Amino acid sequence: MVIAVQSSVNFKMSDAKYFQRGKIHELRTELNSEKKDKQHTKKKTVLKKIVANMTMGNDMSALFPDVINCMQIPVLEIKKMVYLYFINYSRTKPDIAVMAIPTFMKDADDHNPLIRALAIRTMGYINVDKIIDALVDPLRRCLRDKDPYVRKTSAMAVAKLYMHDHELVECEGFVDLLRDMLADPNPTVVANAVAALTEISERSNTITLKLNTTVANKLAAALNECTEWGQTYILEALMSYIPQDMGDAEVLAERIAPRLQHANSSVVLTAAKVIMYLMNYMTKEEDITNLCRKLSPPLVTLLSNGHEVQYVALRNILLIIQRRPEVLRNDIKVFFCKYNDPIYVKLAKLEIMFRLASVSNVDQVLSELKEYATEVDVDFVRKSVRSIGRLAVKIESTADRCIAALLELIQTKVNYVVQEAIVVIKDIFRKYPNQYESIIGTLCENLDNLDEPEAKAAMIWIIGQYADRIENSDVLLDDFLFTFLEEPVEVQLSLLTATVKLFIKRPTAGQELIPKVLKWATEDVDNPDLRDRGYIYWRLLSTDPATAKTVVLSDKPRISTESDNMEPALLDELLLHISSLSSIYHKSPQTFIPNSKIRHLTHSPVLNRRYPGQQQQQPNLLDSDIENLASGSLGIEANPYNLDVVNIGENYVGDLLLDL
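Cut-off values and rules
- Residues numbered from 1 in each chain as written.
- Predicted model: local features only at pLDDT ≥ 70, side-chain atom pairs only at ≥ 80, totals over all residues.
- Heavy atoms only, no water.
- Helix = DSSP H or I, 4+ residues; strand = E, 2+ residues; numbered from the N terminus.
- Buried < 20%, exposed > 50% of the residue type's maximum accessible area, 1.4 Å probe, protein only.
- Contact = heavy atoms within 4.5 Å.
- Areas by Shrake-Rupley, 256 points an atom, 1.4 Å probe, with all protein chains shown as cover.
- Axes fitted to C-alpha atoms, helices over the stretch in contact; angles between N-to-C directions.
- Parallel < 35°, antiparallel > 145°, perpendicular 65-115°, else oblique.
- Nonpolar A, V, L, I, M, F, W, Y, C, P; charged D, E, K, R; others polar.
- Salt bridge = Lys/Arg side-chain N within 4 Å of Asp/Glu carboxyl O.
- Expected span 1.5 Å × (residues − 1).
- Polar contact = N/O pair within 3.5 Å; in protein donor to acceptor, adjacent residues only side chain to side chain.
- Core = buried A, V, L, I, M, F, W, Y, C linked by side-chain atoms within 4.5 Å.
- Phe/Tyr/Trp six-rings, centres within 6.5 Å; stacked < 30°, edge-to-face > 60°.
- Lys NZ or Arg CZ within 6 Å of the ring centre and 35° of its normal.
- Lys, Arg positive; Asp, Glu negative; His and termini not counted.
- Left-handed = near helix turned anticlockwise from the far one by under 90°.

A. Just the overall build of the protein, in detail. Across its full length, the protein holds 35 helices and two strands. Burial analysis of the protein (660 residues in total) assigns 49% to the buried set. Look at the contacts in the protein between residues 6 or more apart in sequence, and 65% of them connect residues 24 or more apart. Per element, the accessible surface of the protein, about 33100 Å² overall, is 51% carbon and sulfur.

Take a look at the structure:
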């Protein structure tokens, strides 16, 4: 072991000498030297210097003709360096680059499979028209080469070629050749063919990768013999399989399940994605429950990796538990924060803790949150205090304990803690009206600590909502009104509404405040929302006070934590993008990747529709079916969105314009 390490160090030290700025004319002289060099040792040394300078960012393009002359040397190490140089500078020297085509063609027929593969790979990287045209014939041969290394390299070259000229790839039938390679006996070739087809499908508007049951099962069988990245490619391709019969999804999911035990986190997350996808096509609840149990340990194991992998896992877990909370319902302790977790991991864990909180574990969660609220990190403390309030809204039986915990935190007099507590207490008041008014006095003692708009607006709302129970509510509002014109719009809107509530509940106390507030709101501010609300209140109070009371003091709908849930349609889409940037951003790929394809659950006879976000493709409807569509009497399941047909062209049966 010591000898191996020492050898590696010596190698690195010996290569370091090449990373020195070299002069072009000196390198050219060495490269064209006429001295005898049977082993081509000197040329290797010069090429290493050139590649090193190229790596450091020095412009070596002036040596292009001289380096091309070295392509004839039949030494693999030299060819690798020459091809690397060629890829880097061929775009800037396209006229000279075409001079290398004969050498490329010769190398593509070389007896050494490594050289054949190297030539095909290099040509695939070069976006020069004449080289692209020259690549077609050798690429077709190499896709059927006897050596699997050449075949797998050629498969990826097709994907590269598609990026340069998609019409050429389609016209020359390369996509069909890739499809045939799915039956290749070598699993690595199959993995690369799948990767190429997937890439082409993502970029093409006309080509879509669809797998039948036979091909899907063959790909699943190849998983055991593939590299970890090959497994990732194949698992990603299995997202293009649409089960059509009962039991298809269950069988494939069971074959994929062993990948959940893989050491590579990408394989684990991609396998989890495929299993979550296949659950949508399962009919037996027992099978879904068993798979949920199998998903839990691998996801927990991911949290033992480095912090970056932990964060990726946590963001994906947050999506999974919104659809399948039973996956990690009994593992909430693994999401308790550690002292050395970075802030981004802590915040992600907090959100998952809240999602998994239930009547059975709420005491543990609340105890943890109270401890987190005394930490030194401001963002973490704020999130913890807010989570306590959200917990009270989510689980009614724990509201008393959450209120007690929030009051304890308010007594600490820490400014940002007090303000966060007041914000969430407002939500608790809305969820449980007329239950916790006794704590209002404690809140009013901390008015001087409020300097954030959200906290001010929350406190003003509380004062207005309970103006008839707070003896000095008019005085408190008057203090806030002193800076009305300087406050943010959020606070101004709260002050306007709270003052109107005070006037309606206690006309005597509010009669001095209401005129000046309405005057400010309608004459002295520029915000249209505030001005319009001021006019509405003014006209209501001046024309029909009884109606004003009914409108302003009407019962508000009770809030719930369901508003924190992701839109079902977006959640459906993101679950199809687990283990990608979308699952980390929690945004659709279309928002940050132009022209990316939209993924959705495709219609199938076994697609279950228990979640409102799931959409299925409707078959083309004949005119005679339109009336049945409205009544829900078609052979397909009645549409849950009550679609109305708004326009039907006589000659376009398929072009039904349905308005949601």
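B. Looking closely at the environment of Met54. Structurally, Met54 is set in helix α3 (residues 41-55). A residue is classified by how much of its surface remains accessible, and Met54, at 12% relative accessible area, is buried. Residues Met54 and Tyr89, 35 residues apart in the sequence, show an inter-C-alpha distance of 9.9 Å. When sequence neighbours within four positions are dropped, the list of residues in contact with Met54 reads Met60, Leu84, Tyr85, Asn88 and Tyr89.

C. Representation of the packing of helix α28 (residues 489-505) against helix α31 (residues 528-543). Where α28 contacts α31, the two axes come as close as 10 Å, and the packing angle between them is 10 degrees. With respect to α31, the element α28 is oriented roughly parallel. Where α28 abuts α31, its residues Gln492, Leu493, Leu496, Thr497, Val500, Phe503 and Ile504 lie against Asp529, Leu530, Arg533, Gly534, Tyr537 and Leu541. The residue inventory of the contact of α28 with α31, partitioned by class, reads eight nonpolar, three polar and two charged.

D. Examining the pattern of salt bridges more closely. In total, this model carries 30 salt bridges according to the counting rule given. Ionic pairing is found between Arg151 and Asp184, a salt bridge with its closest N-O pair at 2.9 Å. Of this pair, Arg151 sits in helix α10 (residues 148-164) while Asp184 sits in the loop between α12 (174-180) and α13 (187-203); the two residues are 33 residues apart in sequence, bridging distant segments of the chain. We classify Arg151 as buried; its relative accessible area is 10%. Note that Asp176 is salt-bridged to Arg179, the shortest N-O span being 3.5 Å. Taken together, the residues span about one helical turn, with Asp176 and Arg179 both in helix α12 at a distance of three residues. On the accessibility criterion, Asp176 (40% relative accessible area) is partly exposed.

E. Quick peek at α13. With 17 residues, α13 ought to run about 24 Å at 1.5 Å a step, and its terminal C-alpha atoms sit 24 Å apart, in line with that. With 13 of 17 residues buried, α13 lies mostly within the body of the structure. Capping the start of α13, Asn186 holds a side-chain oxygen 2.9 Å from the backbone nitrogen of Thr188, two or three residues further along.

F. Structural context of helix α26 (residues 453-465). Between its terminal C-alpha atoms α26 stretches 18 Å, which fits the 18 Å expected from 13 residues at 1.5 Å a residue. A large share of α26 lies buried, amounting to 10 of its 13 residues. Those residues of α26 not exposed but buried are Ala455, Lys456, Ala457, Ala458, Met459, Ile460, Trp461, Ile462, Ile463 and Gly464. In this fold, the buried residues of α26 make contact with α24 (415-431), α25 (440-444), α27 (473-481) and α28.

G. A look at the nonpolar core. Formed by 212 residues in total, the largest nonpolar core has its most connected members in Ile50, Phe86, Leu278, Leu391, Phe429 and Met459. With 11 residues, helix α17 (residues 265-279) is the largest single contributor of residues to this core. Each residue touching Phe429, except ones within four places of it in the same chain, is listed here: Tyr436, Ile439, Ile440, Leu443, Trp461, Ile462 and Tyr466.

H. Inspection of the packing of aromatic side chains at higher detail. For the structure on display, the rule yields 12 aromatic pairs. Judged by centre distance (5.1 Å) and plane angle (40 degrees), the rings of Tyr372 and Phe380 are tilted. Classification of Tyr372 by relative accessible area gives buried; the value is 3%. Measuring from ring centre to ring centre gives 5.0 Å for Tyr585 and Phe592, while their planes differ by 85 degrees; the resulting arrangement is edge-to-face. On the basis of relative accessibility, which here comes to 42%, the residue Tyr585 falls in the partly exposed class. Feature note: the residues Phe64, Tyr83, Tyr85, Phe86, Tyr89 and Phe104 constitute an aromatic cluster, connected by ring pairs. Geometry around Phe354 places Lys394 over its ring, the cationic atom sitting 5.0 Å from the centre.

I. Fine view of the side chain of Glu250. Looking at the secondary structure, you find Glu250 in helix α16 (residues 248-256). Notably, Glu250 is buried but unbridged: the nearest opposite-charge side chain belongs to Lys284, and the N-O separation is 6.7 Å. Once you skip the residues sitting within four places of it in the chain, Glu250 turns out to touch Met282, Thr283, Lys284 and Asp287.

J. A look at the packing of α28 against helix α32 (residues 545-552). Interaxial distance between α28 and α32 falls to 10 Å at its minimum, and their mutual angle equals 125 degrees. The angle between the axes of α28 and α32 places the two elements in the oblique class. When the axes of α28 and α32 are compared, the crossing they make is left-handed. Residues Val500, Lys501 and Ile504 of α28 touch α32, and the partners they reach there are Ala548, Lys549 and Val552.

K. Inspection of unusual backbone geometry at higher detail. The phi torsion at Ser579 lies on the positive side, around 70 degrees, for a residue other than glycine. Examined against the element boundaries, Ser579 turns out to sit in the loop between α33 (568-575) and α34 (581-585).

L. Broad picture of the environment of Thr153. Secondary-structure assignment places Thr153 in helix α10. Judged by relative accessible area, which is 6%, Thr153 ranks as buried. The spacing of Thr153 and Ala117 is 36 residues in sequence and 6.0 Å in space, taken between C-alpha atoms. Those residues within four positions of Thr153 in sequence are excluded, and the remaining contacts are Ala117, Arg121 and Asn192. Within the structure, Thr153 has its side chain in polar contact with the backbone oxygen of Tyr149 (distance 2.8 Å).

M. Representation of the side chain of Glu351. With respect to the helices and strands, Glu351 occurs in helix α20 (residues 343-356). Classification of Glu351 as buried rests on a relative accessible area of 12%. A polar contact of 3.2 Å, which involves the side chain of Glu351, links it to the side chain of Arg390. Aside from chain neighbours lying at most four places away, what touches Glu351 is Leu318, Lys383 and Arg390.

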